[in-house]
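Working through the structure, step by step
Spelled out from the first residue to the last, the chains are:
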Amino acid sequence: MSSVRGYVAGPYADAPRVRQLHAELRALGIRPVSRWAEEATGPEALEELSLSAVRAIARRNDDDLLNAHFAIVLARDGAGGEMFAEVRLALDSGIPVVWVGKRRPLTAYREGVVRVASVFDALSFAQSVAELVTRPWIVSAAWARSMIWSTIEHLEGDAEVAA
């Protein structure tokens, strides 16, 4: 299994869609680390849990995200508020974000976020990330993330020129 790790953020109710994306990432040799989706069953019911249990879930999600080389966000209207906190954590930690979907709030335009039209485009980006990160001269995960970040900045520059 590849050492390239990707985190997928999305609405809890979309866990089956995230699991499908996990399978597609695995087919590309990328290890999904968003365990929340693998374990999601039924509706999210945080209010039924103790505060310590909810905080443990949040810490585990944060740890999973911080272990990723990149994050993919599956945005849709009316759901997925936690995604915004996850994007902020990723960006503050130097983890690049691929934003999928038509829902494009300010968060989708922050530095370090590349916006794509479809999951297919996100997978294409993830594959290019995997190729970059697995090169033999990569010295660390932090260095690989900075290279991915540079790729996003280059894509953003190309988009500005085209506009």
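Described below are features of the structure shown in this document. Note that the structure is predicted; figures quoted are calculated from it, not measured. (Residues numbered from 1 in each chain as written. Predicted model: local features only at pLDDT ≥ 70, side-chain atom pairs only at ≥ 80, totals over all residues. Heavy atoms only, no water.)

Some words on the overall build of the protein
Rule in force here: Helix and strand assignments come from DSSP, with helices taken as H or I runs of at least 4 residues and strands as E runs of at least 2, each series counted from the N terminus. Burial here depends on accessible area, computed with a 1.4 Å probe over protein chains only, as a share of the maximum for the residue type. Under 20% is buried, over 50% is exposed, and the range in between is partly exposed. Whether two residues touch is decided by their heavy atoms; if any such pair falls within 4.5 Å, the residues are in contact. Note on areas: these come from Shrake-Rupley sampling with a 1.4 Å probe, and a residue is covered only by the protein chains present in the view.
Per the secondary structure count, the protein includes 6 helices and 5 strands. Looking at the 163 residues of the protein, the share that counts as buried comes to 41%. Long-range contacts, defined here as pairs at least 24 residues apart, represent 67% of the contacts in the protein between residues at least 6 apart. Here the protein has roughly 8,600 Å² of accessible surface; of this, 54% comes from carbon and sulfur atoms.

Digging into the packing of helix α3 (residues 51–66) against helix α4 (residues 82–92)
Threshold: Helix axes are fitted only over the stretch in contact, all axes being lines through C-alpha atoms; the angle between N-to-C directions runs from 0 to 180 degrees. Reported orientations rely on four angle classes, namely roughly parallel under 35 degrees, roughly antiparallel over 145, roughly perpendicular from 65 to 115, and oblique for the rest. Rotating anticlockwise by less than a right angle from the far helix to the near helix defines a left-handed crossing, while the corresponding clockwise rotation defines a right-handed one.
Closest axis-to-axis distance for the α3/α4 pair is 10 Å, and the angle between their directions is 45°. Our classification of the angle between α3 and α4 gives oblique. For α3 against α4, the interelement crossing comes out right-handed. Mapping the contact onto sequence places Asn-61, Asp-62, Leu-65 and Leu-66 in α3 and Glu-86, Leu-89 and Ala-90 in α4.

Looking at the nonpolar core
Nonpolar side chains in soluble globular proteins tend to be buried together. Counted only if it meets this: Each nonpolar core is a collection of buried residues, namely Ala, Val, Leu, Ile, Met, Phe, Trp, Tyr and Cys, held together in the definition by side-chain atoms within 4.5 Å.
Tyr-7, Leu-25, Phe-70, Ile-72, Val-73, Val-97 and Val-98 are the most contacted members of the largest nonpolar core, which totals 40 residues. The greatest single-element share of this core, amounting to 6 residues, is contributed by helix α5 (residues 119–133). Sequence-distant contacts of Val-73, defined by excluding residues within four places in its chain, comprise Ala-9, Met-83, Val-87, Val-97, Val-98, Trp-99 and Val-100.

Describing the sheet that holds strand β2 (residues 31–32)
For clarity, the cut-off: What makes two strands pair is DSSP finding at least two bridges between them.
Ordered by their spatial adjacency, 5 strands build an open sheet running β2-β1-β3-β4-β5, and the pairing between neighbours is parallel. Bordering the open sheet on either side are β2 and β5 (113–116), each of which pairs with just one other strand. Relative to β2, strand β1 (residues 5–9) runs parallel, the two being bridged by 2 bridges. From the neighbouring strand, Arg-5 faces β2, where its bridge partner is Arg-31. Strand contacts of helix α1 (residues 15–27): β1, β2 and β3 (70–74), with the helix running at about 145° to β3, the strand carrying the most contacts.

Some words on the pattern of salt bridges
Where we set the bar: Whenever a carboxyl oxygen of Asp or Glu lies within 4 Å of a side-chain nitrogen of Lys or Arg, that contact is scored as a salt bridge.
Summed over the entire model, instances satisfying the criterion amount to 4 salt bridges. One salt bridge in this structure joins Asp-92 and Arg-88, with 2.9 Å as the shortest N-O distance. In this pair, Asp-92 and Arg-88 are both assigned in helix α4, 4 residues apart and thus about one turn of the helix distant.

Notes on the pairing of strand β4 (residues 97–100)
A two-sided burial pattern is seen for β4, the buried positions comprising Val-97 and Trp-99 on one face and Val-98 and Val-100 on the other. Where β3 lies against β4, 4 bridges are found, and the strand directions are parallel. The residue of β4 that forms the bridge with Ile-72 is Val-98. Across 4 bridges, β4 lies against β5 in parallel orientation. Of the residues in β5, the one forming a bridge with Trp-99 is Arg-115.

Some remarks on a nonpolar patch on the surface
So the rule is basically this: Only residues above 30% relative accessible area that lack a salt bridge enter a patch, with like-charged residues linked at up to 9 Å and the nonpolar side chains Val, Leu, Ile, Met, Phe, Trp and Tyr linked at up to 5 Å.
Judged by side-chain polarity, Leu-46, Leu-49 and Ile-57 come together as a nonpolar surface patch covering roughly 220 Å² of accessible area. By secondary structure assignment, the location of Leu-49 is in the loop between α2 (35–39) and α3.

Notes on a negative patch on the surface
Note the cut-off: Charge assignment: positive for Lys and Arg, negative for Asp and Glu; neither His nor the chain ends contribute. Charge positions come from single atoms, namely NZ of Lys, CZ of Arg, CG of Asp or CD of Glu.
Side chains of Glu-44, Glu-47, Glu-48 and Glu-82 sit close together on the surface and give a patch of like negative charge. Position of Glu-82 relative to the elements: it lies in helix α4.

Focus: the packing of aromatic side chains
Stated formally: Aromatic rings from Phe, Tyr and Trp, taking only the six-membered ring of Trp, are treated as a pair when their centres fall within 6.5 Å; an angle between ring planes under 30 degrees marks them as stacked, one over 60 as edge-to-face, and anything in between as tilted.
Evaluation of the coordinates by the stated rule reveals 2 aromatic pairs. Seen from their ring centres, Phe-84 and Trp-99 are 6.2 Å apart, and the 35° between their planes marks the pair as tilted. Placement of Phe-84 in helix α4 and of Trp-99 in strand β4 is noted, with a sequence separation of 15 residues between them. You can call Trp-99 buried: its relative accessible area is 0%.

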